[in-house]
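Take a look at the letters that make up each chain.
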Amino acid sequence: MASVSLKHIYKKYPGGVTAVSDFNLEIKDKEFIVFVGPSGCGKTTTLRMVAGLEEITEGELFIGDQLVNDVAPKDRKIAMVFQNYALYPHMTVFENMAFGLKLSKTPKEEIKRRVEEAGRILDISHLLDRKPKALSGGQKQRVALGRAIVRQPKVFLLDEPLSNLDAKLRASMRTELTKLHDRVQTTFIYVTHDQVEAMTMATRIVVMKDGLIQQVDTPQNIYDNPVNLFVAGFIGTPQMNFINASLEKKGDDVYVNFEGNSIKLPAEKANNPDLQDYIGQEVIIGLRPEAIHDEPMHLASFADSTIDAYVDVTELMGAEIYLYLTVGETSLIARVNARSTSRAGDNIKVALDISRLHIFDKDTERCICH
């Protein structure tokens, strides 16, 4: 088992293209780290540098105590699971899983023991004699995982391994991967553009944009305390609502003004020293969809932060309803109880839970206060 340390890692391509810039991260032994971000943000490139499939332009990469910049991929004690499974079609499941061990001249009895043990862990023992063409997508993914497990690597690298699966199978495989991590007790580094995968599986999430780390933290902390506008908008489904607003001081109180509404901030936000320089300035305020309510009990509880809204569209999601609202020139999404009586075309009142408001600097997009 091993920790992974990335120190000032850069990846630069000919022509002046920088894919990854000054990447610094300490991954503890047995952590489940997820790199997440939009396409082209550098997450797969970073993973491939850890694997040794991409050369590091600058910086140092340690696996355990060993500097591995110039160590060949096969000698790094890592195993990589790819998006496309990469199974040999002419080999059985057993042969696919055993292939790497045969190349390293592992004794036959040891190969048999490891493959059968991996088969039990992944519940594919009954498939060991089949060829890949006789397997479903989920079964192929388990075989690819099994091929990695038998090598007993120090670090598992997984590059969008669930993206080819349907939604139901993807959800069940997320659970299986979390259980697998608990069983094998190895460091996992996982790349995805799907923030649901990141939120549900990670010990810590690394949010990336344009080759730069934006934030590293636990899933809940990233959700509750995003450091900037990008992280706030990327993590969460539906995404956070953003509203152009201004701050105004009246006596000892601070009010946020937008679309003809003026709402008093709670004392703990109003007294935040970082906010004082923004009085009289334009800011962006952020509010999660679940912090906007249309139920009578919430309208009574948040009477001081109730606004008028027009319902454009409603989406029934089963356990909840998404309300697509217009307030002046601003579009909002509210996530409300499935018993909501709000319908498209209605003019309604909605209550904002201001205690959950985020305030961002309009120019730097940095979060001023949560």
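Parameters and conventions
Here the residue numbering is sequential within each chain, running from 1 through the sequence in written order. Totals for whole chains, interfaces and linings use every residue, but because this is a predicted model, local features are given only for residues with pLDDT of at least 70 and side-chain atom pairs only at 80 or more, for both listing and counting. Note that the side-chain values use all heavy atoms of the structure and ignore hydrogens as well as water. Here a helix means four or more residues in a row that DSSP labels H or I, a strand means two or more in a row labelled E, and each is numbered from the N terminus. Exposure is judged per residue with a 1.4 Å probe applied to protein chains only, and the accessible area is read against the type maximum: over 50% gives exposed, under 20% gives buried, and values in between give partly exposed. Should any heavy atoms of two residues lie within 4.5 Å, those residues are considered in contact. Cavities and pockets are defined on a 1 Å grid built over the protein atoms alone: a cavity is a set of grid points where a 1.4 Å probe fits but cannot escape, while a pocket is an open set with protein on both sides within 12 Å along at least five of seven lines, and lining residues are those with an atom within 4 Å of any such point. Grid points are joined across faces, edges and corners, and a volume is the space filled by probe spheres set on the points. We call Asp, Glu, Lys and Arg charged. Ala, Val, Leu, Ile, Met, Phe, Trp, Tyr, Cys and Pro are nonpolar, and the rest, Gly among them, are polar.

**Let's talk about unusual backbone geometry**
A negative phi holds for most residues other than glycine; trans holds for most peptide bonds.
Stage number 1. Cis geometry is adopted by the peptide bond preceding Pro238, which originates at Thr237 and carries an omega value of -10°.
Stage number 2. At His8, a position not held by glycine, the phi torsion is positive, near 50°.
Stage number 3. By secondary structure assignment, the location of His8 is in strand β1 (residues 4–13).
Stage number 4. Overall, His8 belongs to the partly exposed group, its relative accessible area being 46%.
Stage number 5. Look at Glu160: it is not a glycine, yet its phi comes out positive at around 45°.
Stage number 6. One can find Glu160 in the loop between β7 (155–159) and α5 (167–184).

**Considering helix α1 (residues 43–51)**
Stage number 1. Counting buried positions along α1 yields seven of nine residues, so the element is predominantly enclosed.
Stage number 2. Inspection of α1 places Lys43, Thr45, Thr46, Leu47, Met49, Val50 and Ala51 among the buried residues, and these make up the whole buried set.
Stage number 3. Gly52 sits one or two residues past α1 and shows a positive phi near 90°.

**Some points on the side chain of His181**
Stage number 1. Structurally, the position occupied by His181 is in helix α5.
Stage number 2. Residue classification places His181 among the buried residues on the basis of a relative accessible area of 10%.
Stage number 3. With residues near it in sequence (within four places) discarded, His181 still touches Lys30, Glu31, Phe32, Thr186 and Phe188.

**Structural notes on the layout of surface pockets**
Stage number 1. Of the voids in this model, the largest pocket is the one considered here, and its volume is about 660 Å³.
Stage number 2. Along the wall of the largest pocket there are 26 residues; nearest its centre are Ile78, Ala79, Met80, Gly100 and Arg151.
Stage number 3. Taken together, the elements giving at least two residues each to the lining of the largest pocket come down to β6 (78–81), α2 (93–103) and α4 (137–149).
Stage number 4. When residues in the lining of the largest pocket are grouped by element, the largest group, six residues, is from α2.
Stage number 5. Considering only residue class, the lining of the largest pocket consists of 16 nonpolar, five polar and five charged.
Stage number 6. Taken together, twelve residues line the second largest pocket, and the ones lying closest to its centre are Glu117, Ile121, Ile149, Gln152 and Val184.
Stage number 7. Ranked by the residues each element gives to the lining of the second largest pocket, the list is headed by helix α3 (residues 108–122), at four residues.

Don't take any of this as a statement about function, it's just geometry.
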